[in-house]
Amino acid sequence: MTEKEPYQSLEIKDLEKKLDQLIELYLSVKTENDALKSKQHALVREKAHLLEKTTLARNRVEAMISRLKTMGHGS
């Protein structure tokens, strides 16, 4: 064993430790990202559904207003 080998071994172990931490962080961020994407898709679907309900409600109210106006003029 040369004089440099113990230091190189320590450097390699340190790099391995840092790499393991980086992999752990990556997996954590990936899991969070996947969850956020899933939540975003659910919110997009919910928004589309709410917009559809709002449009239907608006159309019904407009139809009722038209009928009321017609009834008012027919008297």
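A brief report on the enclosed structure follows. Because the structure is a prediction, the values reported are computed rather than measured.

**Quick notes on the overall build of the chain**
Line of reasoning, step 1. Within the chain, the secondary structure is distributed over 1 helix and 0 strands.
Line of reasoning, step 2. The C-alpha radius of gyration computed for the chain amounts to 32 Å, which surpasses the reference 11 Å derived for 75 residues by more than 25%, pointing to a less compact arrangement than a globule.
Line of reasoning, step 3. With respect to the three principal axes, the spread of C-alpha positions in the chain is 110 × 10 × 5 Å.
Line of reasoning, step 4. Within the chain, buried positions represent 0% of all 75 residues.
Line of reasoning, step 5. For the chain, the exposed area adds up to about 7500 Å²; of that, 61% sits on carbon and sulfur atoms.
Line of reasoning, step 6. Taken together, the 14 basic and 12 acidic charged side chains of the chain have centroids lying 19 Å from each other.

**Considerations on the environment of R67**
Line of reasoning, step 1. For R67, the location among the structural elements is in helix α1 (residues 5–74).
Line of reasoning, step 2. Each C-alpha atom, one on R67 and one on S28, is 58 Å from the other, the two residues being 39 residues apart in sequence.

**Examining the environment of L43**
Line of reasoning, step 1. Here L43 shows up in helix α1.
Line of reasoning, step 2. Residue L43 is classed as partly exposed on the basis of its relative accessible area, which comes to 43%.
Line of reasoning, step 3. Distance from L43 to Y7, taken between C-alpha atoms, is 53 Å for residues 36 residues apart in sequence.

**A look at the pattern of salt bridges**
Side chains carrying opposite charge are able to pair once their charged atoms draw close together.
Line of reasoning, step 1. One pass over the full model with this rule turns up 2 salt bridges.
Line of reasoning, step 2. Among the salt bridges present, the one from D34 reaches K30, with a minimum N-O distance of 3.2 Å. Residue D34 and its partner K30 are both found in helix α1; the two are separated by 4 residues, about one turn of the helix.

**A short note on a nonpolar patch on the surface**
Line of reasoning, step 1. A contiguous nonpolar patch, built from L19, L22, I23, L25, Y26, L27 and V29 and spanning about 690 Å² of accessible area, is present on the exposed surface.
Line of reasoning, step 2. With respect to the helices, strands and loops of the structure, I23 is situated in helix α1.
Line of reasoning, step 3. Judged by relative accessible area, which is 41%, I23 ranks as partly exposed.

**Details of the environment of L27**
Line of reasoning, step 1. Position of L27 relative to the elements: it lies in helix α1.
Line of reasoning, step 2. In this structure the C-alpha to C-alpha distance between L27 and Q40, which are 13 residues apart in sequence, comes to 20 Å.

Calculation notes
Residues numbered from 1 in each chain as written. Predicted model: local features only at pLDDT ≥ 70, side-chain atom pairs only at ≥ 80, totals over all residues. Heavy atoms only, no water. Helix = DSSP H or I, 4+ residues; strand = E, 2+ residues; numbered from the N terminus. Rg over C-alpha atoms; globule rule 2.2 N^0.38 Å. Buried < 20%, exposed > 50% of the residue type's maximum accessible area, 1.4 Å probe, protein only. Areas by Shrake-Rupley, 256 points an atom, 1.4 Å probe, with all protein chains shown as cover. Lys, Arg positive; Asp, Glu negative; His and termini not counted. Charge placed at Lys NZ, Arg CZ, Asp CG, Glu CD. Salt bridge = Lys/Arg side-chain N within 4 Å of Asp/Glu carboxyl O. Patch = residues over 30% accessible without salt bridge, like charges linked within 9 Å, V, L, I, M, F, W, Y side chains within 5 Å.

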